[in-house]
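Descriptive analysis of the structure
Single-letter residue listing:
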Amino acid sequence: MSILYDERIDGALPKVDKAALLAELREQLPDMQVLHAQEDLKPYECDGLSAYTTTPMLVVLPERIEHVERLLKLCYQRKVPVVARGAGTGLSGGALPVTQGVLLVMARFKQILEINPEGRYARVQPGVRNLAISQAAAPYGLYYAPDPSSQIACSIGGNVAENAGGVHCLKYGLTVHNLLKVDILTIEGERMTLGSDALDSPGFDLLALFTGSEGMLGIITEVTVKLLPKPQVAKVLLASFDSVEKAGRAVGEIIAAGIIPGGLEMMDNLAIRAAEDFIHAGYPVEAEAILLCELDGVEADVHDECERVGTVLDKAGATEVRMARDEVERVKFWAGRKNAFPAVGRISPDYYCMDGTIPRRELPGVLRGIRELSEAFGLRVANVFHAGDGNMHPLILFDANQPGELERAEALGGKILELCVKVGGSITGEHGVGREKINQMCVQFNSDELTLFHAVKAAFDPSGLLNPGKNIPTLHRCAEFGAVHVHHGQLPFPDLERF
Ligand SMILES: Cc1cc2nc3c(=O)[nH]c(=O)nc-3n(C[C@H](O)[C@H](O)[C@H](O)COP(=O)(O)OP(=O)(O)OC[C@H]3O[C@@H](n4cnc5c(N)ncnc54)[C@H](O)[C@@H]3O)c2cc1C
């Protein structure tokens, strides 16, 4: 049994009368698909973090906003928990179902409602795949910048809920920086629009607050994203290093030279070899680390920046620097990086992907720390990550069939995240907290801060029905975990103390 996953959550939820709920759903929403047989529920029992599984009570697959609206009203009246799911690629157990609740799958909302080249925005339904937005915008010379490596599969609704990042977020920002507005339904089934068509709106910035809220504040029903003109030129430099620390230092030196690359990614030897075996991207398999540095913009600037970055990389001790010869090779270089997770999946029965963020200057020391922890725990770690924004993704290799290895992998993951916090970083950069990192939230935040989070949650969802037991730990839980000094103050949402 996993040590971080807290089975108590399901035991603590009030029992729901499944037969009565199913009958009412069929009566009120006869044309909405509802899955209830064990064999139909099975595919929905986890997201991309497959170490955690729970069978949902019911899975609903609405196709119209009215379906979602009526479903939420019904669940609100009956006090039934609701967990939203997009494409289920999340890596922190955010869409992990609860046994006494409904899993609301938004994947059928796949329409691109509008591409507006003059206004440079796209209006889309939440189940639209990230990559599909850029594909639809391409005929207008536009694209949607945030590009998670899962972009071929993940949904924009899931991206908003996780504030997803990607290779190009160093220069172009995370999901939150690329949104104009989001339409949501509250748990009471009321429609709200957060943000506006203008660049700013008065009052609190609820759009920013909602982005990254992991399905705990409302259900996303429509997203308006900003589109950017495709850069005229993009070039990629591949730099090899004989140590990860040198590569880590080079990252800071590129930014210190006043250059913000379109993407600046790092892979260590284990990740390089796995990706090369899988994709044949042309990576140097003897290198201890590589950096992929993309420079984009107008021709003259890109030419100049490539030269400057080349000089910085040489000075930082790169053993080789080469530029992708043409567009085919550039795409190959990125394909190796974007397929690095599945590539690592080929060399180990299981892997556990961490997602800590640290200040860039700490990269060399933290990489060294990870290597020491890896040796101490006796588990291999492959590093492949968004180096430019200090967003690390150590992949811990283990075999769940070996007694104790999953627990060791989780314990090692926890130590790596604590290391990130110690150097001034954070326990997540883009994958969210979900169920996975709930204990590490106690390391990152003190009890006053957590109480404030609970107050925000209660303002949107006073009954605590949306995605219960995720993202924000109770003070009671933190006290048990022993990570922070906890005052047992009155929570604005006392029921949460159970979890
Ligand atoms: C191989 C691989 C590579 C990845 N690379 C990246 C990367 O580079 N960058 C990155 O940021 N992430 C990455 N991820 C993680 C994942 O793809 C992202 O977190 C993504 O945003 C999840 O989208 P999804 O549609 O799959 O959401 P899901 O996994 O279905 O759900 C994620 C969260 O969003 C909530 N949610 C989903 N839809 C809605 C909705 N309509 N309304 C309200 N809440 C909703 C869920 O409740 C859950 O909390 C990667 C995953 C994999 C498997």
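Read on for an overview of the structure.

Reading the values: rules and limits
Residues numbered from 1 in each chain as written. Predicted model: local features only at pLDDT ≥ 70, side-chain atom pairs only at ≥ 80, totals over all residues. Heavy atoms only, no water. Helix = DSSP H or I, 4+ residues; strand = E, 2+ residues; numbered from the N terminus. Rg over C-alpha atoms; globule rule 2.2 N^0.38 Å. Contact = heavy atoms within 4.5 Å. Areas by Shrake-Rupley, 256 points an atom, 1.4 Å probe, with all protein chains shown as cover. Lys, Arg positive; Asp, Glu negative; His and termini not counted. Charge placed at Lys NZ, Arg CZ, Asp CG, Glu CD. Salt bridge = Lys/Arg side-chain N within 4 Å of Asp/Glu carboxyl O. Buried < 20%, exposed > 50% of the residue type's maximum accessible area, 1.4 Å probe, protein only. Expected span 1.5 Å × (residues − 1). Polar contact = N/O pair within 3.5 Å; in protein donor to acceptor, adjacent residues only side chain to side chain.

All right, on to the overall build of the protein then. A count of helices and strands for the protein gives 18 helices and 20 strands. Compactness check: the protein gives a C-alpha radius of gyration of 23 Å against a globular reference of 23 Å for 499 residues, within 12% of the reference. Restricting the contact set of the protein to residue pairs at least 6 apart, pairs at least 24 apart contribute 72%. A total of about 19800 Å² of accessible surface is found on the protein, and carbon and sulfur atoms cover 52% of it. Taken together, the 48 basic and 66 acidic charged side chains of the protein have centroids lying 2 Å from each other.

So, about the pattern of salt bridges. Per the counting criterion, the structure on display carries 24 salt bridges. With a shortest N-O distance of 3.2 Å, glutamate 63 and arginine 108 are connected by a salt bridge. In this pair, glutamate 63 is assigned in the loop between β2 (58–61) and α4 (65–78) and arginine 108 in the loop between β4 (102–105) and β5 (112–116), connecting sequence segments 45 residues apart. Residue glutamate 63 is classed as partly exposed on the basis of its relative accessible area of 47%.

In this model helix α9 (residues 244–256) runs 19 Å from its N-terminal to its C-terminal C-alpha over 13 residues, within 8% of the 18 Å that 1.5 Å per residue would give. Residues of α9 that are buried: Val244, Glu245, Ala247, Gly248, Ala250, Val251, Ile254 and Ile255. Contact partners of the buried residues in α9: α7 (169–172), β12 (233–241), β13 (263–268), β14 (289–297), α11 (299–315) and α14 (363–377). Backbone geometry just after α9 places glycine 258 at a positive phi near 85°.

Considering the arrangement of structural elements, one finds aspartate 296 in strand β14. We classify aspartate 296 as buried; its relative accessible area is 5%. Once the C-alpha coordinates of aspartate 296 and lysine 230 are considered, the two residues, 66 residues apart in sequence, prove to be 9.4 Å apart. Beyond its immediate sequence surroundings of up to four residues, aspartate 296 is in contact with Lys171, Tyr172, Pro231, Val233, Ala234, Gly262 and Val302. One polar contact links aspartate 296 to lysine 171, side chain to side chain, over a distance of 2.6 Å. There is a polar contact of 2.9 Å between the side chain of aspartate 296 and the side chain of tyrosine 172.

A separate point is the side chain of serine 374. Mapped onto the elements of the fold, serine 374 is located in helix α14. A polar contact of 2.7 Å, which involves the side chain of serine 374, links it to the backbone oxygen of leucine 379. Residue contacts for serine 374: discarding those within four places in its chain leaves Leu379, Arg380, Val381 and Leu412.

What helix α10 (residues 269–279) keeps buried is the set Asn269, Ala271, Ile272, Ala274, Ala275, Glu276 and Ile279. Residues of α10 that are buried in the fold lie against β13, β14, α12 (327–338), α13 (340–345) and β18 (381–385). At the exit of α10 stands histidine 280, carrying a positive phi of roughly 55°.

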